[in-house]
Amino acid sequence: MHQSFLEHVLNDLQNKGTDFSECTFILPSKRSGTFLKKHLANTLAQNIFSPKILSIQDFIADISGMEQTSNLDLLLELYDVYKNAQIDEPDDFPSFLKWGQTLLQDFNEMDGYLIPAHDLLNYLSAIKEINHWSVQKDKTELIQNYLQLWNKLETIYNAFTTVLKEQKRGYQGLMAKIAVSRLDDYSKNHKTTPIIFVGFNALTSAESKIVQHFLELGNGQVYWDIDSYFLNDPVHDAGLFIRNYQYNWPYYKNKAQLNPQSNFLSPKKISITGVPKSISQTKYVGQLLHELNSNAAIDFSKTAVVLADESLLSPMLQAVPPSINTVNITMGLPLNKTVLYSFFLALLELNTNTSERGWFYKYVLELTSNPYCLTLSESSKVDFAPLLAKEIKEQNRLYINNDVLEKYDEANEVLEIIFPKSRISVLVWIGNCLLLIDQLKSIFQQEKNAMELEQVYRFYILFNQLKEYLANVDFISELKSIKNLFKQLASMETLDFIGEPLTGLQIMGMLESRNLDFETVIITSVNEGILPSGKMNNSFIPFDVKRDYGLPTYKEKDAIYVYHFYRLIQRAKNVYILYNTEPDVLEGGEKSRLISQLLTDENMAPFVTHTIAAPQANITPAQPLEIEKSALLQDDIIAFANSGFSPTSLTNYVRNPIDFYTRNILKINDLDEVEENIAANTFGTIVHDSLEELYTPLLGTLLSKESVGALTAKIPSVVESHFQKNLFGVDISKGKFLLVYNVICKYLENFIDIELKQLQRHTIKLVALEEKYDVQLQIPELDFPVKLKGTLDRVDEFDGITRIIDYKTGKVEPKNVTLTDWGMLITDYDKSKAFQLLCYALLYSKKHGTNSLLAGIYSFKNLGYGLFSFSQDKKNTLIDAEVLSTFETHLKQLILEICYPSLPLTEKAV
């Protein structure tokens with residue numbers, strides 16, 4: 001590899017006879033300081049006292065005499081100032097957090113670029129006023145309240161910065177602004193100290209003044225990590241900032257010249273690979289690392305995996321091959337990306353959404369399915385989590401209350417923390433979280449699980465931090481107020497990996513790579529929206545105002561990432577660039593412009609290869625699934641035939657033989673789920689059961705207007721009782737279930753109205769309700785008995801003719817019960833309703849010897865149509881002996897197809 005940038009800096013200083021022990025090195029990050037010490041140790045022939053090595057933030061803090069404070073401390077302080085700014089109806093803290101961070105960022109940029117607050121904030125206020133210009137002379141109250149904040153911005157800023165200065169703490173921009181004003185005082189005490197600025201690129205106006213100040217004094221030196229290829233190209237974004245310093249700084253105009261390096265065009269291998277989706281990229285990197293590991297020439301201490309999308313850290317760690325023994329992870333895993341975070345967030349949601357009726361089932365299931373809740377549950381005397389989830393699903397419990405929890409009394413120690421019996425305050429919730437952490441700590445200590453213990457410890461610190469913050473503020477009292485604060489804190493804190501920074505494979509984010517050089521570099525997620533990040537305008541300051549005042553826009557921010565990208569590859573020998581070929585909203589856009597630049601750069605053409613990684617997939621036409629009838633399956637079919645084919649099981653076969661196999665033979669039913677909205681089958685069950693209860697007292701009698709009319713008054717109580725029976729614990733006094741309850745009551749009232757109209761001209765005698773039938777079918781071709789069974793919703797005598805009625809709550813059309821071709825009956829699922837009616841007619845006929853009857857469906861979705869009667873050719877509705885005989889022939893044909901061992905079950909397209 002070429003001499004690294006840090007080695008180049010040290011060699012140049014050594015050639016100038018610099019005494020390193022007297023120097024102060026200023027670097028963009030602390031991490032590059034570790035590598036600087038390593039290179040310094042290799043450069044020196046004798047021992048010296050280590051020079052002072054500072055990050056730019058620490059150097060600015062040293063000059064300003066202030067301490068950088070945490071983002072959350074700043075937000076709490078800013079909210080306190082905002083509350084006292086005499087604004088009518090100020091936002092509460094959770095609402096403030098949504099925009100307070102953006103305002104803080106704007107204050108930071110404004111100070112960092114040394115823009116007078118009075119100028120910019122008043123300009124911003126005037127812009128907001130124009131945006132809300134109206135033809136009405138008087139502003140509405142809403143607009144006045146909105147504009148009030150913008151008019152008070154300067155007051156808020158002044159009060160906020162005054163408080164911070166008094167406390168000698170601040171944000172980076174404010175500290176840099178104050179440092180600029182104190183440069184002369186600082187210089188008096190550090191006149192002879194050589195101050196070496198190493199590897200900077202995008203400096204704020206304040207940082208630029210600080211660097212120039214020491215350069216002009218004569219004791220400052222600056223080393224830029226820039227290649228002449230970018231610096232001398234007037235439009236290349238990688239050299240945007242440093243070109244600007246070269247042309248505009250008096251130091252370079254009058255005293256010195258800027259000396260770039262020339263490494264970018266040296267021979268190298270650049271492999272650009274498109275990989276579908278983000279996780280596949282990490283798998284591809286794992287495979288690549290495995291291949292590199294088998295190459296003895298590769299030194300992994302000079303190899304870096306750079307994750308442009310830092311959220312891929314967890315899958316990347318899983319993908320690193322076991323053969324690579326030493327890995328150093330320079331980036332932390334944000335706490336909000338851990339499963340333990342999702343556990344505490346689920347607990348917060350559960351405790352926040354408590355009502356008089358208890359805890360809503362969705363929040364309970366989300367918590368009880370979390371691995372950490374399952375761990376706590378398994379270590380309790382009763383493993384309550386799976387039992388509670390099972391009870392919710394089986395008994396359709398929409399709410400869990402204390403009565404339900406009493407069954408799991410032996411697990412009280414955990415349950416009382418998770419399900420507090422009354423509404424709790426924020427501090428009590430934090431105390432409960434610390435109690436759960438204590439229990440998890442005991443469990444993981446017994447298991448000697450160091451990784452889990454580290455996570456638990458980080459959350460222990462986080463909750464104690466929260467406790468400390470809340471002790472000093474009075475505006476966070478309700479539990480819902482803490483949600484945004486908890487999220488904010490968890491996103492800022494990281495789970496750090498302890499490793500040896502100078503050995504092994506380096507896994508890092510883009511910013512951690514500053515000043516570092518590697519022989520082999522693998523960069524992932526090189527897509528628009530990630531690298532560079534693109535138009536992300538998290539600011540209240542409009543684009544044109546930023547341009548006027550010299551504030552960075554998304555163009556400058558993109559140029560920063562362009563610089564980091566090219567800087568990483570300029571000295572490398574082997575570069576592997578991966579991008580996602582399947583862009584979407586969450587995972588960035590099309591392949592990055594940086595890749596297009598490399599592919600279209602004539603000077604790089606000899607070094608660059610471009611491929612798409614895709615699995616070797618042999619595309620073959622989809623073949624329908626065929627299941628041969630083994631001896632075991634044939635035994636199951638025979639057992640099913642003995643117990644009885646129902647009309648539904650036979651129509652399942654007509655629809656798709658595989659459905660018949662899974663539902664009726666294997667008994668694989670739909671997953672039990674809690675019905676928050678009523679399911680179609682439950683709706684139908686309530687209608688059927690309610691009609692049965694209403695009409696049962698009238699069995700065996702001739703229906704009269706009086707007897708049927710009296711049923712209307714009973715409908716509400718009967719429907720309510722069946723709601724409770726089928727959906728235990730639902731509240732039909734409000735919400736969606738009230739609507740469904742009213743719909744069912746209306747359906748039944750409409751049905752009774754139709755019945756009353758028919759009684760004006762016809763006589764109806766009620767014969768049977770929900771009666772079960774089964775008959776043996778004589779099929780000589782089979783050497784085992786076959787039964788047909790079914791439940792008839794209602795049988796009556798309509799003007800002396802037996803009539804079989806089936807209730808349907810779904811939609812029915814005349815074509816579903818009309819038959820023109822008998823062959824369609826056992827091949828077309830559209831005729832399933834006609835098939836069911838004929839099955840019921842055959843069952844009734846065989847049991848009672850009746851050869852003349854009617855069969856039809858009442859569809860509650862279109863009751864106005866009346867009875868949908870089975871008919872042949874839309875004319876003949878009477879089911880006689882000939883119809884029954886023809887149907888029985890086709891029924892036996894269908895059953896023979898199901899039962900013949902040599903005929904496989906073949907999938908149909910549904």
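Our structure is the block above this text.
Residues numbered from 1 in each chain as written. Predicted model: local features only at pLDDT ≥ 70, side-chain atom pairs only at ≥ 80, totals over all residues. Heavy atoms only, no water.

So, the environment of Leu 777
Next up, step 1: Examined against the element boundaries, Leu 777 turns out to sit in strand β20 (residues 764–777).
Next up, step 2: Residues Leu 777 and Lys 846, spaced 69 residues apart in sequence, show a C-alpha to C-alpha distance of 9.7 Å.
Next up, step 3: Leave out the neighbours within four places in its chain, and Leu 777 touches Val 786, Leu 788, Leu 842, Lys 846, Glu 888, Leu 891 and Ile 895. (Helix = DSSP H or I, 4+ residues; strand = E, 2+ residues; numbered from the N terminus. Contact = heavy atoms within 4.5 Å.)

Considering the packing of aromatic side chains
Next up, step 1: Under the definition given, this model contains 55 aromatic pairs.
Next up, step 2: Summarising the aromatic geometry, the rings of Tyr 653 and Phe 660 are spaced 5.7 Å apart at their centres and angled 85 degrees between planes, so their arrangement reads as edge-to-face. By the burial criterion, Tyr 653 is buried, and Phe 660 matches it.
Next up, step 3: Judged by centre distance (6.2 Å) and plane angle (75 degrees), the rings of Tyr 695 and Phe 751 are edge-to-face. Linking Tyr 695 in helix α32 (residues 680–695) with Phe 751 in helix α35 (residues 735–759), this pair joins segments that are 56 residues apart in sequence. (Phe/Tyr/Trp six-rings, centres within 6.5 Å; stacked < 30°, edge-to-face > 60°. Buried < 20%, exposed > 50% of the residue type's maximum accessible area, 1.4 Å probe, protein only.)

Here's the deal with the pattern of salt bridges
Next up, step 1: Across all of its chains, the model carries 25 salt bridges by this definition.
Next up, step 2: For Lys 52, the salt bridge goes to Asp 62, with nearest N and O atoms at 3.7 Å. Of the two residues, Lys 52 sits in strand β2 (residues 52–55) while Asp 62 sits in helix α3 (residues 56–64), which places them ten residues apart along the sequence.
Next up, step 3: We classify Lys 52 as partly exposed; its relative accessible area is 43%.
Next up, step 4: For Glu 493, the salt bridge is made with Arg 458, and the minimal N-O distance between the two is 3.0 Å. Here the residue Glu 493 occupies a position in the loop between α25 (482–492) and β14 (494–495), and Arg 458 occupies one in helix α24 (residues 450–471), the gap between them amounting to 35 residues.
Next up, step 5: Counted as one network, the salt bridges with shared partners bring together Asp 225, Asp 517, Arg 567 and Arg 571. (Salt bridge = Lys/Arg side-chain N within 4 Å of Asp/Glu carboxyl O.)

So, the nonpolar core
Next up, step 1: Counting residues in each nonpolar core, the largest one holds 243 residues, and the members touching the most others are Trp 224, Phe 463, Phe 565, Tyr 695 and Phe 723.
Next up, step 2: When residues of this core are assigned to their parent elements, the largest contribution, eleven residues, is made by α35.
Next up, step 3: Setting aside residues up to four positions removed in sequence, Phe 565 forms contacts with Met 510, Ile 523, Val 526, Leu 531, Ile 577, Leu 594 and Leu 598.
Next up, step 4: Counting 57 residues, the second-largest nonpolar core is a separate cluster that includes Val 654, Tyr 661, Phe 784 and Ile 895. (Core = buried A, V, L, I, M, F, W, Y, C linked by side-chain atoms within 4.5 Å.)

Things to note about the pairing of strand β5 (residues 195–198)
Next up, step 1: Neither face of β5 is left uncovered, since the one carrying Ile 195 and Phe 197 and the one carrying Ile 196 and Val 198 both have all their residues buried.
Next up, step 2: As judged from the three bridges shared by strand β1 (residues 24–27) and β5, these two strands associate in the parallel manner. Of the residues in β5, the one forming a bridge with Ile 26 is Phe 197.
Next up, step 3: Bridging between β5 and strand β6 (residues 220–223) involves four bridges; their strand directions are parallel. Of the residues in β6, the one forming a bridge with Ile 195 is Gly 220.
Next up, step 4: Regarding the hand of the β-α-β motif, the stretch spanning β5, helix α11 (residues 205–217) and β6 is right-handed. (Pairing = 2+ DSSP bridges. Right-handed = clockwise from strand over helix to strand, strands pointing away.)

What about the pairing of strand β16 (residues 520–524)?
Next up, step 1: Judged by how many residues are buried, β16 sits mostly within the fold: five of five residues are covered.
Next up, step 2: Here β16 shows two buried faces, one formed by Thr 520, Ile 522 and Thr 524 and the other by Val 521 and Ile 523.
Next up, step 3: Bridging between strand β8 (residues 303–307) and β16 involves five bridges; their strand directions are parallel. Its bridge partner being in β16, Thr 303 is matched across the sheet by Thr 520.
Next up, step 4: For β16 and strand β17 (residues 574–580), the ladder comprises four bridges, and the chain directions are parallel. Paired with Ile 523 across the two strands is Ile 577, which belongs to β17.

Everything listed here is a matter of coordinates, which is why it stays silent on function.
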